[in-house]
Amino acid sequence: MSVALHRVAMVALLFMGSAILLFSCKSKPKTAEESLDAIMTEESENLTIVMSENGRKSYHFKTPLLEGYMLGRDPYREFRKGISITTYQDDSLTTVNAVLVANYAIYYENRKLWEAKGDVVVTKHDGTRLYTQQLFWNSQTKRIYSNVDTKLVTDTDELIGEGFESDEDMNEPRFRRWKGKMQVDTEQLREEQGADEEKKTDNREK
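What comes next concerns the included structure.

### A word on the overall build of the protein chain
1) Next: Broken down by element type, the protein chain carries three helices and eleven strands.
2) Next: Within the protein chain, buried positions represent 34% of all 206 residues.
3) Next: Intrachain contacts of the protein chain at a sequence separation of at least 6 include 39% that bridge at least 24 residues.

### A few points about a nonpolar patch on the surface
1) Next: Together, Leu36, Ile39 and Leu71 make up an exposed nonpolar region whose accessible area comes to about 240 Å².
2) Next: The topology assignment puts Ile39 in the loop between α2 (32-37) and β1 (42-53).
3) Next: Its relative accessible area of 39% is what places Ile39 among the partly exposed residues.

### Some thoughts on the pairing of strand β9 (residues 143-153)
1) Next: Two elements, strand β8 (residues 129-138) and β9, share seven bridges in a ladder whose sense is antiparallel. Across the sheet, Asn138 pairs through a bridge with Arg143, a residue of β9.
2) Next: As consecutive antiparallel partners, β8 and β9 are separated by four residues, and within that stretch Lys142 has a phi angle of approximately 60°, a positive value.
3) Next: For β9 and strand β10 (residues 157-167), the ladder comprises nine bridges, and the chain directions are antiparallel.

### Brief notes about the pairing of β8
1) Next: Most of β8 is tucked away: eight of the ten residues are buried.
2) Next: Once strand β7 (residues 113-124) ends, the chain turns through four residues before running back antiparallel as β8, passing Gly127 with a positive phi of about 95°.

### A look at the pattern of salt bridges
1) Next: The full count for this structure, using the stated rule, is nine salt bridges.
2) Next: For the salt bridge of Glu67 with Arg80, the shortest nitrogen-to-oxygen distance reads 2.6 Å. One end of the pair, Glu67, is in strand β2 (residues 56-69); the other, Arg80, is in the loop between β3 (76-79) and β4 (83-88), with 13 residues separating them in the sequence.
3) Next: In this structure, Arg143 and Glu172 form a salt bridge, with 3.4 Å as the shortest nitrogen-oxygen distance. With Arg143 in strand β9 and Glu172 in the loop between β10 and β11 (174-183), this residue pair connects regions lying 29 residues apart in the sequence.
4) Next: A relative accessible area of 43% places Glu172 in the partly exposed class.
5) Next: In this structure, a network of salt bridges that share partners links the residues Glu42, Arg77, Glu109 and Lys112.

### A look at the nonpolar core
1) Next: If you look at the biggest cluster of nonpolar residues, it comprises 25 residues, and the most contacted ones within it are Phe61, Phe79, Ile85, Leu100 and Trp114.
2) Next: Going through the elements one at a time, β2, β4, β5 (96-102), β6 (104-108), β7, β8, β9 and β10 are the ones with two or more residues in this core.
3) Next: Considering every element that reaches this core, the biggest residue donor is β7, with four residues.
4) Next: Counting residues in hydrophobic clusters, the runner-up holds seven residues, among them Tyr69, Tyr104, Tyr108 and Phe136.

### Regarding unusual backbone geometry
Negative phi is the rule for most residues except glycine; trans is the rule for most peptide bonds.
1) Next: A positive phi angle, near 55°, is found at Lys112, a position not held by glycine.
2) Next: Topologically, Lys112 is positioned in the loop between β6 and β7.
3) Next: On the basis of relative accessible area, Lys112 is assigned to the partly exposed category, the value being 27%.
4) Next: The backbone of Met170 sits at a positive phi, close to 60°, despite the residue not being glycine.

### Considering the side chain of Asn138
1) Next: Examined against the element boundaries, Asn138 turns out to sit in strand β8.
2) Next: Judged by relative accessible area, Asn138 falls into the buried class, the value being 17%.
3) Next: Reaching out from Asn138, the side chain makes a polar contact with the backbone nitrogen of Thr141 at a distance of 3.1 Å.
4) Next: Ignoring anything within four residues of it in the chain, the contact list for Asn138 reads Arg111, Lys112, Leu113 and Arg143.

Cut-off values and rules
- Residues numbered from 1 in each chain as written.
- Predicted model: local features only at pLDDT ≥ 70, side-chain atom pairs only at ≥ 80, totals over all residues.
- Heavy atoms only, no water.
- Helix = DSSP H or I, 4+ residues; strand = E, 2+ residues; numbered from the N terminus.
- Buried < 20%, exposed > 50% of the residue type's maximum accessible area, 1.4 Å probe, protein only.
- Contact = heavy atoms within 4.5 Å.
- Patch = residues over 30% accessible without salt bridge, like charges linked within 9 Å, V, L, I, M, F, W, Y side chains within 5 Å.
- Areas by Shrake-Rupley, 256 points an atom, 1.4 Å probe, with all protein chains shown as cover.
- Salt bridge = Lys/Arg side-chain N within 4 Å of Asp/Glu carboxyl O.
- Pairing = 2+ DSSP bridges.
- Core = buried A, V, L, I, M, F, W, Y, C linked by side-chain atoms within 4.5 Å.
- Polar contact = N/O pair within 3.5 Å; in protein donor to acceptor, adjacent residues only side chain to side chain.

As structure tokens, this is what we get:
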């Protein structure tokens, strides 16, 4: 081997060694807790669960897919294909208080915290509707809140703001930053709600 070729080979080997060392420094091994976080402990499809408190039906949820990761420091259940949650009024076993639907949700077991994302819609028994792309529900503090644009539609008004907070029954809605307010055509709103009810009836009959 010529002297020039030998030098080129040595430089190439030194470069490869440095690259491997740099890659090794950046790829730190996972800790035991991080490894536990990645272990799926539950998986269910087309699941319907009724949750009760003190012998009373509190709420139930339906989801196409549930995946649980319950061994980590902050155990959670993930609903990657969407979710529907129905809550009930305190003094009733059957009277619906509100229904939440979303394209994605995650529930943190220790914190009793729900996070719903993607076309989130909450519909109350009185017809009030909340629209947002992200909503948190803390079942311990009984509060719901959002940090993104949110629209609240009542019988008479349409309220739009950035950052929303309320009790879980939406009796105390507050926006951190108003973006707009307008009157709602109540007749059109009733027609839309009637159309939704007809769809639900058709789906049940099918």
